[in-house]
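Here is what each chain is made of, one letter per residue.
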There are 2 protein chains.
Amino acid sequence: MKMRALKALAFDAFGTLFDVHSVEEACEAVFPGHGAELGRRWRQKQLEYTWLRSLMGRYASFEQVTDEALRYAAASLGLELSSESRARLLQAYRALQPFPEVSEVLHQLAATYTLVVLSNGTAVQLHTLLRRSGLDGYMTRVLSADEVGIFKPHPRVYALAEEALQLPRGEIGFVSANGWDVAGAAAYGYWTFRVNRQQMPEELLGFPAAAVGTSLTELVRVLQT
Amino acid sequence: MKMRALKALAFDAFGTLFDVHSVEEACEAVFPGHGAELGRRWRQKQLEYTWLRSLMGRYASFEQVTDEALRYAAASLGLELSSESRARLLQAYRALQPFPEVSEVLHQLAATYTLVVLSNGTAVQLHTLLRRSGLDGYMTRVLSADEVGIFKPHPRVYALAEEALQLPRGEIGFVSANGWDVAGAAAYGYWTFRVNRQQMPEELLGFPAAAVGTSLTELVRVLQT
């Protein structure tokens, strides 16, 4: 597929537009010495629960899953989670900052492409994050897995972008920091770009990214060539 | 549900009947100093890939997923995996030993219940393991996710036991070491027992085990009360 055929770009939110590193800092503030490991386990369990609930056919909102994952992660480290600490840590997810290049990159891309967000987060979560960081003006639509009651990488979630944009899937690019999310979107038929900031190995799910870069700035470069 | 209503028991295989600890030992033999971490990442990625491929609708056999997960796990640790090492580590999965109490427990339970295996592993993998460890005589049926082309915890996998046993689901008990597997079976409607050997926290997926013990010996005790 030629990239010049793309008319729209759909962006994942957590870890792609928004830096989840501050969540680890909040974990460290609440549980000194355990921040990195608690943050890692929390994120891992959050993803697991989205996949497991989706497979079980027992959807719950990303907020609920995030809360349950935090409680599991704390328990797995033997940490006593007070209701105050729990509220404080969940609040960290509502106050995420975008990566430094995001605003400028979206500004450039918006001149050529229709931009949308396509995320596991709920519409309320996503709108709040976009508004707080001044990115809401760039996004034509905010698409949430919550609308279809199942999480990524189920094809029904990726279909939301095709439906909302009223474009054939070959004209849509999907951008995510998560290799498995890229695989899901590529399996669906989108052109894909992986922001691989930590230079993790490629996920072996049969659907590698069409292009990879270490920041969203490289996405602009890739789309111009 | 009264437990005396149970007529059959379905057992998960990996980590439940068969001890996967020897895989870690094989990892340590091949990559000294990295065995525990490689084993942990391999197992984690193996599960992830079963869930992700199932959600994507891109099933591949448990053997293939296990191989791909190994390659990812080794790469994530910066370990060079030769084809010889790869073959040796995959072989470790074919040579798993049952936990020490398994044979005696199955012997006792077989007097009262119809016993089956219900696993993500392929029929060939499972039959090989059962035969090598002399447990095949206790199992009426070996049921594999491979038959339905999707992995646990999708309800279609748990349905295999109900169909094979020709019993209402309320008369079937399901036994697993994995909290998420127990959640999937409980959501489907089976009575559940979790063998929680490492005393991990309960998974927060809305479907806790009906009973929990630290070995299968406790399952016998629970069923007798």
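Computed from a predicted structure; not experimentally measured.

In this section: the overall build of chain A. Regarding its fold elements, chain A presents nine helices and eight strands. Compactness check: chain A gives a C-alpha radius of gyration of 17 Å against a globular reference of 17 Å for 225 residues, within 12% of the reference. For chain A, the spread of C-alpha atoms along the three principal axes comes to 55 × 35 × 30 Å. When the 225 residues of chain A are sorted by exposure, 56% land in the buried category. Within chain A, residue pairs in contact and separated by at least 24 positions form 63% of the contacts whose partners lie at least 6 positions apart. Accessible surface, chain A: about 9100 Å² in total, of which carbon and sulfur atoms supply 48%. In chain A, the 22 positive side-chain charges and the 24 negative ones have mean positions that sit 4 Å from each other.

Let us look at the relation of the copies chain A and chain B. Of the transformation superimposing chain A on chain B, the axial component is 0.0 Å and the angular component is 180°, with the fit at an RMSD of 0.0 Å. In the structure described here, the two chain copies are related by an operation that fits a two-fold rotation axis. Most of the interface of chain A is mirrored in chain B, where 100% of its interface residues are also at the interface.

Residues and elements named next belong to chain A. With an omega of 10°, the peptide bond running from K152 to P153 counts as cis. Checked against the element boundaries, P153 lands in the loop between β5 (141-144) and α7 (155-165). Even without being glycine, Q199 reaches a positive phi, approximately 50°.

Once that is clear, we can look at the environment of L219(B). All names here are of chain B. Examined against the element boundaries, L219 turns out to sit in helix α9 (residues 216-224). For the pair L219 and F14, spaced 205 residues apart in the sequence, the C-alpha separation amounts to 17 Å. With residues up to four places along the chain from it excluded, the contact list for L219 reads F11, L109, V175, W191 and F193.

Turning our attention to the pairing of strand β6 (residues 172-176) of chain A. Residues and elements named next belong to chain A. In terms of burial, β6 is largely enclosed, as five of its five residues are buried. Residues I172, F174 and S176 of β6 are buried on one face, and the alternating residues G173 and V175, pointing to the opposite face, are buried as well. Pairing geometry for strand β1 (residues 8-11) and β6, over four bridges, is parallel. Bridging across to β6, A10 finds its partner in F174. Both β6 and strand β7 (residues 191-195) contribute to a ladder of four bridges, which runs parallel. Residue V175 lies in a different strand from β7, and its bridge partner there is F193. Crossover handedness for the path β6 to helix α8 (residues 179-188) to β7: right-handed.

Definitions and cut-offs
Residues numbered from 1 in each chain as written. Chains lettered and ligands numbered in written order. Predicted model: local features only at pLDDT ≥ 70, side-chain atom pairs only at ≥ 80, totals over all residues. Heavy atoms only, no water. Helix = DSSP H or I, 4+ residues; strand = E, 2+ residues; numbered from the N terminus. Rg over C-alpha atoms; globule rule 2.2 N^0.38 Å. Buried < 20%, exposed > 50% of the residue type's maximum accessible area, 1.4 Å probe, protein only. Contact = heavy atoms within 4.5 Å. Areas by Shrake-Rupley, 256 points an atom, 1.4 Å probe, with all protein chains shown as cover. Lys, Arg positive; Asp, Glu negative; His and termini not counted. Charge placed at Lys NZ, Arg CZ, Asp CG, Glu CD. Least-squares fit on C-alpha atoms with pLDDT ≥ 70 in both. Pairing = 2+ DSSP bridges. Right-handed = clockwise from strand over helix to strand, strands pointing away.

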